[in-house]
Amino acid sequence: MPQDVSAPSGPPPPAEPAGRQAGFRANSHGAFDAPPGKSPSALGWRLLLPAPVPEASGRGSPGGAGRTRKPRQVRGPAGMEAAAAPAPARYQARYQRLRDSDSDGEETVELRTGPGRSLLQALLHQHHRETCARISSALVLLVLALALAFYQTTSGGSSRLDGGAGQMGAQEQPGDVPSAAHMHARGVYHHATLITSSKTCSRLGKDLLVAGGNVVDAGIAAALCLGLVHPHATGLGAVFSALLHNASSGRAVALNAIPHRDFSRRYGLPVALPGLLLLHRHFGRLAWPRLLEGPAVLAQRGVRVDRELAAALQESAGAVKASGLCSLFCDGAGELKGQGALVTQPRLAALLRAVASGDEALPRALAPDLPPAEREPFLQAMGDLGLELQSPLAMQLGDTWLHGAPVPAAGSLLAGILEEVQAAEPRAAPEPCLRALSAAWRGYSRALGGAVAGGPSPQPARPGRAPSPVGSHLAVADSQGNVLLLSASLNSSFGSRFLAPASGIVLSDLTAPAGHGLLSWACPVVLSLGEEGTVVGLGATGGSAAPLALAQAIINQVYLGQPLQEALESPRLQLRGGGDGASQGCGPGTLSNLSSGEWAGGGPQPGPWVLQVASQAGHARAFAAPAACCHHEGY
């Protein structure tokens, strides 16, 4: 223990008055204790009354018990000492480490005081400086820790996973994000996910999710982006069918952005943008202009022709070169742009910026591009689109509830397939797969035949064009159970092939009013899986093949008991025919088997692929079959 020291020679410093001013009091050992209510342990030191330092002793420290360290000088403010004033008193003060502190021992500090500054004030000033330094260091470390946590939360697409679920690999997959606590399997995210046919658009939608947007905000931005990346399939001139499951209400709503009247025999009304605006007004969270910023920038800077767009250009090469589309997709020599070439759309970028300020910008911008005789009918039709939210089709499959888009979307066609499967009771059969798929085909044939006989059929294919409408599909889900599915199309590749010169919009060729069975490509589905609380969203391409592809994924899950990902990614099943033409069993198939007509009576059109999102166990999940068709992002 340190010894008490006497006052220094010469005029003693006014320690006691300063101590009283600072709230300290001297105890019986000559030390200064903290004021009532303030624990000395908060400082970690106990201040002992200083003793004068003889000049002969130099800068050494007294030989008391405990360790001594090189003294640190604390001088008064410059200019405080007058030339004639006596030299400032020099003291040594010892700090004794209290119990429960990180280390023990004493530290000797040399202090110099000037006129008007007591020793205690110098000690308190020194302690204040050291405290500020410690607080500053702690704040710097806190900021670094928060920055690291934010980076780990938002750095989507940074982990490297292979095709096997949950296994580490060397191939980078889009959108897989590791949490700070554990790694997730491919396609599984903490908060939300989005899947589209374009990596660019999936990332744009994910950025809005991270910025605080909801599934509707992300879906709207991704849909506008897909119109730029895949303008042969969708765009502002397209139509769409959307299905939204609202977790807060537990209900689903549908929106068919399909025109109910026509104004031209050559091209259809551009209802995509008014439909997206209607969705945003009811369910969006971010400001409408915020959703259009990313697509507008993308249109101005340009996008690269990907493999899908390059293939579509080659398939329609003659028609593209002979139409106004060549100004967008041909190079300076008049040849089609190939994969990797840049396509800029400044007129469309200007239109998106104008639309951000009001919904009337689209009709005003597009009307001058039309023949004079069609301008007034066009404006009247755009003013009376009759778009409204609808209740979806609902169907119970055991413990599972299915919701689908109503007519003119293909929800009724899918319901007809599943009603046939449900009536067949495949679970009670020795071969549930055989019974389920046989019933699915009967239901598909009956529903599709009824659609063609009972209402307008899809438009007949023009010479040299694929008979199955092309489309663009996206799905968004969050961990709370909110799910959005959106299927859009120009009705055929490049639609009407009319590029509006001033606005840059490609109009669809959907000229007939909406009717039953018209949009077989639009078949968004939401499944609510009983007591599990799992919500699944499904969408598919392939024209008339879409409902059947979705039916098989649902059969795999509901009737064959397969998990979500396995039900989607397992090989397609097909019926095996016997010598008498009757079905004998099920076997693994491929997409080419499904599309080439190996189901009796001729098969659906080529190209079905299925995408799926799910809200399950507090996570959001995204998968696709085949996996290479789509890109998922999330956080």
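All values reported here derive from a predicted model rather than from experimental measurement. Counting starts from 1 at the beginning of each chain's written sequence and moves along it residue by residue. Predicted model: local features are reported for residues with pLDDT of at least 70 only, side-chain atom pairs are reported and counted for 80 or more only, and whole-chain, interface and lining totals are derived from all residues. Heavy atoms from the whole structure form the basis of all side-chain values; hydrogens and water molecules are not counted.

Visitor: Got a minute to help me understand the nonpolar core in this structure?
Guide: Where a protein is soluble and globular, its nonpolar side chains tend to be buried together. Counting 75 residues, the largest nonpolar core has Phe240 and Trp288 as its most contacted members. The helix count covers DSSP runs of H or I at least four residues long, the strand count covers runs of E at least two residues long, and both are numbered beginning at the N terminus. Take this core: its biggest share by element is 12 residues, from helix α4 (residues 215–229). Buried residues of nine kinds, namely Ala, Val, Leu, Ile, Met, Phe, Trp, Tyr and Cys, make up a nonpolar core once their side-chain atoms join them within 4.5 Å. The classification of residues rests on relative accessible area computed with a 1.4 Å probe and restricted to protein chains. Under 20% of the type maximum is buried, over 50% is exposed, and intermediate values are partly exposed.

Visitor: In this structure, what is going on with the state of the cysteines? I would like to understand it.
Guide: One way to say it: the disulfide is the covalent bond shared by the sulfur atoms of two cysteines. By convention in this document, the label disulfide applies to cysteine sulfur atom pairs within 2.5 Å. Under the criterion given, the structure shown has 2 disulfides. Across the disulfide, Cys201 is cross-linked to Cys225 (sulfur-sulfur distance 2.1 Å). Every disulfide takes its handedness from the sign of the S-S torsion; for Cys201 and Cys225 that torsion is -80 degrees, giving left-handed. Of this pair, Cys201 sits in helix α3 (residues 199–210) while Cys225 sits in helix α4, and the two are 24 residues apart along the sequence. For Cys201, a relative accessible area of 0% gives the class buried.

Visitor: What is the right way to look at the pattern of salt bridges in this model?
Guide: Once the charged atoms of two side chains with opposite charge are near each other, the side chains can pair. Throughout this description, the term salt bridge denotes a Lys or Arg side-chain nitrogen within 4 Å of a carboxyl oxygen of Asp or Glu. Using the criterion set out here, one finds 7 salt bridges in the structure. Glu633 is the salt-bridge partner of Arg203, the closest N and O atoms lying 3.2 Å from each other. Here Glu633 lies in strand β26 (residues 631–634) and Arg203 lies in helix α3, a separation of 430 residues in the sequence. A relative accessible area of 1% means that Glu633 is categorised as buried. Glu374 is the partner of Arg266 in a salt bridge, and the nearest nitrogen-oxygen pair spans 3.8 Å. Separated by 108 residues along the polypeptide, Arg266 in the loop between β13 (251–257) and α5 (272–283) and Glu374 in helix α12 (residues 372–382) bring together distant segments of the chain. Since its relative accessible area comes to 46%, Arg266 is described here as partly exposed. Salt bridges here are not isolated pairs; linked through shared partners, they connect Glu420, Arg442 and Arg446.

Visitor: Looking at this structure, how should I read the confidence of the model for the protein?
Guide: Segments scoring low in pLDDT should not have their predicted coordinates read at a detailed level. Each residue carries a pLDDT score, the predictor's own confidence in it, on a scale running from 0 to 100. Averaged over every residue, the pLDDT of the protein is 75; the share at 70 or more is 64%. Taken element by element, the protein is modelled with least confidence in strand β8 (residues 160–161), mean pLDDT 28, and with most confidence in α4, mean pLDDT 98. We call two residues contacting when some pair of their heavy atoms lies within 4.5 Å. Here residues 15–34 is a poorly scored stretch, pLDDT under 50, and it has 43 contacts once near neighbours within four places are set aside; other chains count. Scored below 50 in pLDDT, residues 155–181 shows 69 contacts in the model against residues more than four places distant or in partner chains.

Visitor: Is there a simple way to think about the side chain of Gln557 in this case?
Guide: Mapped onto the elements of the fold, Gln557 is located in helix α15 (residues 546–558). What Gln557 contacts, discounting residues up to four positions off in sequence, is Leu527, Leu529, Gln562, Leu564 and Ala567.

Visitor: Honestly, α15 in this entry has me stumped. Any pointers?
Guide: The α-helix winds at 3.6 residues per turn, so residues separated by three or four positions along the chain end up facing the same way. To estimate the expected span of a helix, count its residues, drop one, and scale the result by 1.5 Å. Relative to the 18 Å expected for 13 residues at 1.5 Å per residue, α15 spans 18 Å between its end C-alpha atoms, a close match to the ideal helical length. Most of α15 sits out of view: 13 of its 13 residues are buried.

Visitor: Just checking my understanding: could you explain the sheet that holds β26 for this structure?
Guide: The strands making up a sheet associate through hydrogen bonds between their backbones, and the pairing can be parallel or antiparallel. Read across the sheet, 6 strands follow the order β13-β12-β19-β18-β11-β26 without closing on themselves; strand pairing throughout is antiparallel. Across the chains shown, the open sheet's two edge strands, defined by having one partner strand only, are β13 and β26. Pairwise comparison of adjacent strand axes, ignoring direction, gives a mean angle of 10 degrees for this sheet. Pairing analysis gives 7 bridges linking strand β12 (residues 239–246) to strand β19 (residues 483–489), with the strands arranged antiparallel. Residue pairing across strands places Ala242 opposite Leu486, the latter belonging to β19. Packing against the sheet, α4 makes contact with β11 (192–196), β12, β18 (472–478) and β19, and its axis sits at approximately 160 degrees to β18. Comment: axis = line fitted to C-alpha atoms, over the contacting stretch for helices; angle = value between 0 and 180 degrees taken between N-to-C directions. Packing of α5 onto the sheet brings it into contact with β12, β13 and β19, and relative to β12 it is tilted by some 15 degrees. Should DSSP find at least two bridges between two strands, the strands are regarded as paired.

Visitor: Whenever I open this one, the sheet that holds strand β25 (residues 619–625) confuses me. Can you help?
Guide: With antiparallel pairing, 7 strands are arranged side by side in an open sheet as β10-β25-β24-β21-β20-β17-β16. The open sheet terminates on both sides in strands that have one partner only, identified here as β10 (188–189) and β16 (393–397). Taken together, the 5 bridges between strand β17 (residues 400–404) and strand β20 (residues 525–529) define a ladder with antiparallel strand orientation. Its bridge partner being in β20, Leu402 is matched across the sheet by Leu527.

Visitor: Any chance you could explain a nonpolar patch on the surface here in plain terms?
Guide: A cluster of nonpolar residues, Ile135, Leu139, Leu142 and Leu146, forms a patch on the protein surface that exposes about 400 Å² of accessible area. Residue position: Ile135 is located in helix α2 (residues 119–154). Among the residues examined, Ile135 registers a relative accessible area of 48% and is labelled partly exposed. Residues enter a patch when their relative accessible area is above 30% and they make no salt bridge; the linking distance is 9 Å between like charges and 5 Å between nonpolar side chains (Val, Leu, Ile, Met, Phe, Trp, Tyr). Every accessible area reported is derived by Shrake-Rupley at a probe size of 1.4 Å, with residue values counting cover from the shown protein chains alone.

Visitor: Just to check I follow, could you spell out α4 for this structure?
Guide: Compared with the 21 Å implied by 1.5 Å per residue over 15 residues, the 21 Å span of α4 between its first and last C-alpha is a close match. Along α4, 15 of the 15 residues are buried, which leaves the element largely enclosed by surrounding structure. Nitrogen and oxygen atoms within 3.5 Å of one another constitute a polar contact, given that in protein one can donate a hydrogen and the other can accept it, and given that sequence-neighbouring residues count only through two side-chain atoms. A side-chain oxygen of the first residue of α4 lies 3.1 Å from the backbone nitrogen of Val216; this N-cap is Asn214.

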